[in-house]
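Spelled out, the chains give:
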Amino acid sequence: MTDADDLRRRTAELLAAHPPATTERLEFLRARFDAGLAWVHFPQGLGGLDAPRSLQAVVDGELEAAGAPGNDPGRIGIGLGMAAPTILRFGTDEQKQRFLRPLWTGEEVWCQLFSEPGAGSDLAALATRAVREDGGEAGSGGDWIVDGQKVWTSSAHQARWAILIARTDPGVPKHRGISYFVCDMTDPGVEVRPLRQITGEAEFNEVFLTGVRIPDAHRLGAVGEGWKVAQTTLMNERVAIGGARSPREGGMIGVAAADWRARPELRTHDLHQRLLKLWVEAEVARLTGERLRQQLTKGQPGPEGSGMKLAFARLAQEISGWEVEFLAEDGLTYDDWTMRRPDGVDFTGREAGYRYLRAKGNSIEGGTSEVLLNIVAERVLGLPPEPRTDKDVAWKDLPR
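Residues numbered from 1 in each chain as written. Predicted model: local features only at pLDDT ≥ 70, side-chain atom pairs only at ≥ 80, totals over all residues. Heavy atoms only, no water.

Draft legend 1. Geometry of the packing of aromatic side chains. According to the stated counting rule, one finds 15 aromatic pairs in the structure shown. Arranged with centres 5.9 Å apart and planes meeting at 85 degrees, the rings of Phe114 and Tyr180 form a pair that is edge-to-face. Within this pair, whereas Phe114 is found in the loop between β1 (110-113) and β2 (129-132), its partner Tyr180 is found in strand β5 (residues 178-184), the two being separated by 66 residues in sequence. A relative accessible area of 2% means that Phe114 is categorised as buried. Among the aromatic residues, those joined into a ring-pair cluster are Phe33, Trp39, Phe42 and Trp104. The ring of Phe208 has Arg193 lying over it, and the distance from NZ or CZ to the ring centre is 4.0 Å. Here the basic side chain of Arg350 rests over the ring of Tyr354, its NZ or CZ set 3.9 Å away from the ring centre. (Phe/Tyr/Trp six-rings, centres within 6.5 Å; stacked < 30°, edge-to-face > 60°. Helix = DSSP H or I, 4+ residues; strand = E, 2+ residues; numbered from the N terminus. Buried < 20%, exposed > 50% of the residue type's maximum accessible area, 1.4 Å probe, protein only. Lys NZ or Arg CZ within 6 Å of the ring centre and 35° of its normal.)

Draft legend 2. Structural context of the nonpolar core. Grouped together as the largest cluster of nonpolar side chains are 55 residues, with contacts concentrated most on Trp39, Trp110 and Met185. The element contributing the most residues to this core is helix α4 (residues 77-90), with seven residues. When neighbours within four sequence positions are excluded, Met185 is seen to be in contact with Cys111, Leu113, Ala156, Ala159, Arg160, Trp161, Ala162, Val190, Val192 and Val207. Counting residues in hydrophobic clusters, the runner-up holds 19 residues, among them Ala256, Leu271, Ile319 and Phe347. (Core = buried A, V, L, I, M, F, W, Y, C linked by side-chain atoms within 4.5 Å. Contact = heavy atoms within 4.5 Å.)

Draft legend 3. The arrangement of the pattern of salt bridges in detail. Enumeration over the complete set of coordinates arrives at 38 salt bridges. Here Arg213 ties to Glu133 by a salt bridge, and the two come within 2.5 Å at their closest N and O atoms. Taken together, the residues Arg213 in strand β7 (residues 204-215) and Glu133 in the loop between β2 and β3 (143-150) connect sequence positions 80 residues apart. Overall, the relative accessible area of 46% leaves Glu133 in the partly exposed class. Residues Arg261 and Glu249 are paired through a salt bridge, measuring 2.8 Å at the closest nitrogen-oxygen approach. Here the residue Arg261 occupies a position in helix α7 (residues 251-262), and Glu249 occupies one in the loop between α6 (226-242) and α7, the gap between them amounting to twelve residues. Salt bridges sharing common partners tie together Asp6, Arg9, Arg10 and Glu13. (Salt bridge = Lys/Arg side-chain N within 4 Å of Asp/Glu carboxyl O.)

Below, the structure is given as structure tokens:
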């Protein structure tokens, strides 16, 4: 059984064989993956050592102290937080060997082709079609031809690969006729267009798929069981968005508290009371996230991650709103409306105006707050589900 001392020994051996000061960054990251120190809870040979997930902090701490390079998780978050756990759970041995190592090292960026113009909150209503070219059975080696449109796709303009869900059987109820694929974003027929946001940036994209050919070997899970596979992705996505580890007074509440301490001339009693309330709520959310991560050491993420993402979105919007009000006219400033395509989101390194505008998307991305409230109510609290009249109706017969 791998323990903390064993991980420290393995990390020391990695550092001795590949000194960070003299080893090229990518070479070091590849060596770290091969040593099983990328995701210690992953299987041996796939970046891990079958160790408890909680011991990852031991490795990370040792490497950080030694000045070792990181894999820039902000740039490759979709691959790390969504694609990797899905591939690990549903992928074939060949798929795991092909995709996990360059995904973790950042050599290949991933994006998520899920939402559509007519299938956002009701994702299972998606209309993008995947049709077997030869009409054969799954596993016969034929290709799938995909046509459709996806929207709100982060990193599509940088991505090599995408996790994609598409309808493969319109004659069954919507949740049962979906299959899950890995799509090569460099293939013919994939067109990426920027979507300019309220911040002026084009962090998201819309993606048009026209006759895109995907080999059956790039399917995850059985044909028609893509919704089951997608649930793993979505649960991990919500944990990745709302459950990131943060120190006390970290993140946006830390920025707001720093503003308060730096600008005593702007303080009022009402703003003070509101800040104290937000500080307490942010600390409760942080500690709840720690508890959730402890639960994750025992298995796959559950619906509790939806609660964390829900809390994150609400707090981000309320804290950024408080900050703009506190800073008065200074809170309304915004540095640059130039159209650009950023590598990621920076909630703490920009001005208050950016945080206020960007936080508006937090209650939409990764599942709308309304959908997450339903998930928490039904799957965490055990309340009766909402009536669903389309549950047993074939997708092709649903009104659109």
